[in-house]
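Per-entry structural report
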Amino acid sequence: MAYLSLKDETIQELQNIAHRLRIHAITSTQASKSGHPTSCSSIAEIMSVLFFYTMRLNLQSPRDPASDRLILSKGHAAPILYAAWAEVGLFPVENLLNLRRFDSDLEGHPTPRLNFIDVATGSLGQGVAVAAGMAYVGKYFDKSNYRIYVVVGDGESAEGSVWESLHFAAHHKLDNLCIIFDVNRLGQSGPTSLGHQTDIYRQRLEGFGCNVYVINGHDVEDLLEAFHEAAYTKKKPTAIIAKTFKGKHFPNIEDMECWHGRPLGDKAEDVIKHLQDLIVEADGHELTIKNLSIIAPVPNVDITNVKLSTPPDYKIGDAIATRMAYGSALVKLVEYNACVIALDGDSSNSTFSEKLKKAFPNNFIECFTAEQNLVGAAIGAACRDRTIVFASTFAAFFTRAFDQLRMGAISGTNANFAGSHCGVSIGEDGPSQMGLEDIALFRALPGSTVFYPTDAVSCERAVELAANTKGICFIRTSRPNTAVIYDNDETFAVGKAHILKQSSEDQILLIGACVTLLECLRAATGLEKIGMHARVLDPFTIKPLDRESILENGYACYGLILVVEDHYQQGGLGEAVLSALADRRGFIVKHLFIPSVPRSGDAYTLLDRFGISARHIFKAAKEIIETDSTVF
């Protein structure tokens, strides 16, 4: 459908609004004595057109699942985003003066403390991935015509993660996604690498499969036409390259360096006066936001109390890799609730999310070898509670996306992540493929839950629990087949450990997980043969750790504890146990871990050579018991 030019009065009012938004950005950053008014000014017309003509919003419920969404990837321009929401009537304009105050949710960069923000932004290069995840859900699951808009700074377009996400969006034909590049030429410390070379942006974006428009980002009618055309583009996302100027309409500041992240100070009054003079009032003409009734309704979904369709069905002693059980559990969850989806980074035949891909292909999203986009898209897909999201790859490769995970935690996302091929037990592939830092990574995230299931039964239950647990969940799965040790009807809970071997004669508590837990059981059997007795504890979750169980069983074993893990020393299970005991006297804790960068070899050779096999556990436990007995 061709674009029809609007009345001059409408175009003028949209321009007026842009100037009012600029003024709000100045006054709020003046009040806080910090912020980015010049970065706000370059997108004033973009925000005016989006909020007062293009987007369909619900002021009574800003996160209405049927409404359009806006992600401000250049999160430092938060003041003008807040100003736009205030101008459409969501909250009083006077509140903008509380910007960046401790007692205000109008923080320096957007966070979901605010009911109109879906995800935290400000760490650059991540907004497109989140928007793409939202767009995928809108197009293929909700099957609604709501649209996703994301504003990207030209400085952040140097981030490789942006291009990962553009590739994903084009491959999946996300025609409900519109990416606006604010090409204002200036970064934080100086000009961007491309400046105003919009032809290069065009070539790159067309090469990535986008429908591209190059426009004057300060021309209201250019914006109106571009957004109109984007809404009727099919089978590809739209990228709008908006040539703008930092500090637009700020006399003696516009397009000048050294004004990034600075309030205008003593120049503010003159700039505001200039902007007020640019506003041409139209008698009786006022714009209102669009009505939601023109959006297709979204289906009602319930993603609470999700269960496995059938309980685990294994035999004690069966050798089943936990990564295989992860794939089986995904299928069972989808059988129970079709809102469960899985994303993978071209590793589904290793993580075994391919089980879901084969059983329910529409619930599987291929993200290819692009882990930053994998995590960002998962966070986007989890927004507004439309889906229960699992994303999987090798545990080691999540380190590449730590910043996305960190921002996901700040956003309060409920996305779940499964990392396979952890530790030296993966064997011959060598250290580049071994997740040896992953527990530390996920433990460090605020509000996270870290599962480390030992066998197939506990892994299926970990997946079920993760689907119902708020915050980021991480499930650590292993490559080798491990023996089933739990009955199918065993009960599991977050933060609850299991005792697998105990007696009244126990002299030491052994703590391990998965491969090292099985080695602990073997060592305990060996100790028993020489008249020594060890209790064995499976923590199940490393965070939260079952502190009470460790204390109770540790005291029962005379305060002697040996922790064994297939992970580096820093940040793993051992340090979690030490932290749990930090304020208690009477404990001696020995920690066996991977002490240095490992190498290729078969799994058992590596476990043994790096000191975490049953032989080493036996020796360490024996020495601790004998040393302790000589003291008394």
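Just so you know, the residues in each chain are numbered from 1, in the order the chain's sequence is written. Since the coordinates come from a predicted model, pLDDT governs what is reported: local features require at least 70, and pairs of side-chain atoms require 80 or more to be given and counted, while whole-chain, interface and lining totals use all residues. As a convention, hydrogens and water are excluded, and side-chain values are obtained from all of the structure's heavy atoms.

1. Quick look at the overall build of the protein chain
Using the following cut-off: To qualify as a helix, a DSSP run of H or I must reach at least 4 residues; to qualify as a strand, a run of E must reach at least 2; elements of each kind are numbered from the N terminus. Only the C-alpha atoms count toward the radius of gyration. The rule for a globule is 2.2 Å times the residue count to the power 0.38. The buried label applies to any residue whose accessible area, calculated with a 1.4 Å probe on protein chains only, is under 20% of its type's maximum; exposed applies above 50%, and partly exposed to all values in between. Every residue pair with non-hydrogen atoms within 4.5 Å of one another is taken to be in contact. Where accessible areas are quoted, they stem from the Shrake-Rupley method and a 1.4 Å probe; at the residue level, only the protein chains shown are allowed to cover. When charges are counted, neither His nor the chain ends are considered; positive counts come from Lys and Arg and negative counts from Asp and Glu. By convention, the charge on Lys lies at NZ, on Arg at CZ, on Asp at CG and on Glu at CD.
The secondary structure content of the protein chain amounts to 21 helices and 19 strands. Here the C-alpha atoms of the protein chain give a radius of gyration of 28 Å, agreeing with the 26 Å that 2.2 N^0.38 yields for 632 residues. The principal-axis extent of the C-alpha atoms belonging to the protein chain is close to 95 × 50 × 40 Å. Counting across all 632 residues of the protein chain, residues that qualify as buried make up 61%. In the protein chain, once contacts between residues fewer than 6 apart in sequence are set aside, the share between residues at least 24 apart is 79%. Put simply, the protein chain shows about 24100 Å² of open surface, and 49% of that area lies on carbon and sulfur atoms. In the protein chain, the 59 positive side-chain charges and the 74 negative ones have mean positions that sit 2 Å from each other.

2. Re the packing of helix α5 (residues 127–142) against helix α6 (residues 160–171)
This is how the line gets drawn: Lines are fitted to the C-alpha atoms to define the axes, a helix being fitted only along its stretch in contact, and any angle between axes, read from their N-to-C directions, falls within 0 to 180 degrees. Roughly parallel means an angle under 35 degrees; roughly antiparallel, over 145; roughly perpendicular, 65 to 115; everything else is oblique. By convention the crossing between two helices is left-handed if the near helix lies anticlockwise of the far one by an angle smaller than a right angle, and right-handed if it lies clockwise. Polarity classes work like this: nonpolar for Ala, Val, Leu, Ile, Met, Phe, Trp, Tyr, Cys and Pro, charged for Asp, Glu, Lys and Arg, and polar for all others, with Gly in that last group.
Contact pair α5 / α6: the axes reach a minimum separation of 8 Å and the direction vectors enclose 20 degrees. Taken as axis vectors, α5 and α6 run roughly parallel relative to one another. In the crossing of α5 with α6, the sense of the turn from one axis to the other is left-handed. For the pair α5 and α6, contact is made by V128, A129, A132 and Y136 and by V162, S165, L166 and F168, respectively. Here the residues of the contact of α5 with α6 are counted per class, giving seven nonpolar, one polar and no charged.

3. A word on the packing of aromatic side chains
Stated precisely, the cut-off is as follows: Two rings from Phe, Tyr or Trp (for Trp, the six-membered ring) form a pair when their centres are within 6.5 Å of each other. A pair whose planes differ by under 30 degrees is stacked, one over 60 is edge-to-face, and the rest are tilted.
Enumeration over the complete set of coordinates arrives at 20 aromatic pairs. Pairing F394 with F397 gives two aromatic rings, centres 5.2 Å apart and planes at 5 degrees, and the pair type is stacked. Assigned by exposure class, F394 and F397 land together as buried. Measuring from centroid to centroid gives 6.2 Å for F398 and F474, while their planes differ by 85 degrees, and the two rings are edge-to-face. Here F398 is found in the loop between β9 (388–394) and α14 (402–411), whereas its partner F474 is found in strand β12 (residues 473–476), with 76 residues between them in sequence. The pair formed by F398 and F474 is uniform in burial state, with each residue classed as buried. Taken together, F51, Y82, W85, F91 and F116 form an aromatic cluster joined through their ring pairs.

4. Observations regarding the pattern of salt bridges
Note the cut-off: When a carboxyl oxygen of Asp or Glu lies within 4 Å of a side-chain nitrogen of Lys or Arg, that pair is called a salt bridge.
What the rule picks out here adds up to 26 salt bridges. Residue R20 pairs with E87 through a salt bridge whose shortest N-O separation is 3.6 Å. Of this pair, R20 sits in helix α1 (residues 8–32) while E87 sits in helix α4 (residues 78–87), placing them 67 residues apart in sequence. For K332, the salt bridge identified is with E460, shortest N-O distance 2.9 Å. Taken together, the residues span a long stretch of sequence, with K332 in helix α10 (residues 322–336) and E460 in helix α16 (residues 456–467) at a distance of 128 residues. For the pair formed by K332 and E460, the shared burial category is buried. A single network of salt bridges, built from pairs that share partners, joins E13, R20 and E87.

5. Comments concerning the UniProt feature "domain: Transketolase-like pyrimidine-binding" (unreviewed entry) in the protein chain
Put simply, the test is: UniProt positions are given in the numbering used here, feature names are shortened, and annotations may be inferred rather than shown by experiment.
Residues annotated in UniProt with the feature "domain: Transketolase-like pyrimidine-binding" (unreviewed entry) correspond here to residues 320–484. Helix makes up 39% of residues 320–484 and strand 18%, with an end-to-end C-alpha separation of 7 Å.

6. Let's talk about the side chain of R476
Formally: Distance and chemistry together define a polar contact, namely a pair of N or O atoms within 3.5 Å, with one atom able to donate a hydrogen and the other to accept it when in protein, and with adjacent residues in sequence counting only for side-chain atoms on both sides.
Of note, R476 is situated in strand β12. R476 sits in the buried class, given a relative accessible area of 0%. Of the polar contacts made by the side chain of R476, one reaches the backbone oxygen of D566; its length is 3.1 Å. Not counting residues within four places of it along the chain, the set of residues in contact with R476 comprises G419, C422, G423, G435, L436, D438, I439, F451, Y452, P453, D566 and H567.

7. A short note on the pairing of strand β10 (residues 416–420)
Our working definition: Pairing between strands is defined by DSSP: at least two bridges between the two strands are required. With its strands directed away from the observer, a crossover is right-handed exactly when the path from the first strand over the helix to the second travels clockwise.
Most of β10 sits out of view: five of its five residues are buried. Here β10 shows a buried face lined by N416, A418 and S420 and a second buried face lined by F417 and G419. For β9 and β10, the ladder comprises five bridges, and the chain directions are parallel. Bridge assignment links F394 to a residue of β10, and that residue is S420. Between β9 and its parallel partner β10, the chain crosses via α14, and the hand of that crossover is right-handed. As judged from the four bridges shared by β10 and β12, these two strands associate in the parallel manner.

8. Side note on the packing of α5 against helix α13 (residues 371–381)
The N-to-C vectors of α5 and α13 enclose an angle of 50 degrees; their axes lie 6 Å apart at closest approach. The angle between α5 and α13 falls in the class oblique. In terms of crossing hand, the pair formed by α5 and α13 is right-handed. Between α5 and α13, the contacting residues are A129, V130, G133, M134 and V137 on the first element and N373, G376, A377, I379, G380 and A381 on the second. Among the residues forming the contact of α5 with α13, the class breakdown is seven nonpolar, four polar and no charged.

9. Considerations on the sheet that holds strand β18 (residues 560–568)
Read across the open sheet, the five strands follow the order β14-β16-β15-β18-β19; overall the sheet is mixed. Looking at strand neighbours, the two that pair on one side only are β14 (498–501) and β19 (588–594), the edges of this open sheet. Between one strand axis and the next, the sheet turns through 25 degrees on average, direction left out of account.

10. Some details on the nonpolar core
Cut-off, in case you're wondering: The set of buried Ala, Val, Leu, Ile, Met, Phe, Trp, Tyr and Cys residues whose side-chain atoms join them within 4.5 Å is what this entry labels a nonpolar core.
Counting 83 residues, the largest nonpolar core has L177, L343, F417 and F442 as its most contacted members. Looking at this core element by element, the count peaks at eight residues for α5. Setting aside anything within four residues of it in sequence, one finds L343 in contact with I365, C367, L374, A377, A378, V389, F390, A391 and S392. Membership of the second largest hydrophobic core comes to 52 residues, among which are I43, V49, L57 and Y149.

11. Description of helix α7 (residues 198–207)
Applied cut-off: By definition, the arc is the one covered by directions from the helix axis to the C-beta atoms.
All buried positions along α7 are accounted for by T198, Y201 and L205. Burial along α7 is one-sided: seen end-on, the buried residues are contained in an arc of 55 degrees. Seen from the buried face of α7, the exposed residues on the opposite side, beyond 90 degrees, are D199, Q203 and G207. Residues of α7 that are buried sit in contact with α6, β3 (177–183), β4 (211–216) and β5 (238–243). Positive phi shows up at G209, right after α7, with a value of about 90 degrees.

12. Observations concerning the sheet that holds strand β1 (residues 69–72)
Pairing is parallel in the open sheet, where five strands are placed in the order β1-β2-β3-β5-β4. If you trace the sheet from one side to the other, it starts and ends with β1 and β4, each paired once. Going from strand to strand, the sheet's axes swing by 20 degrees on average, the running direction of each strand aside. Here β4 pairs with β5 via six bridges, running parallel. Residue N211 lies in a different strand from β5, and its bridge partner there is T238.

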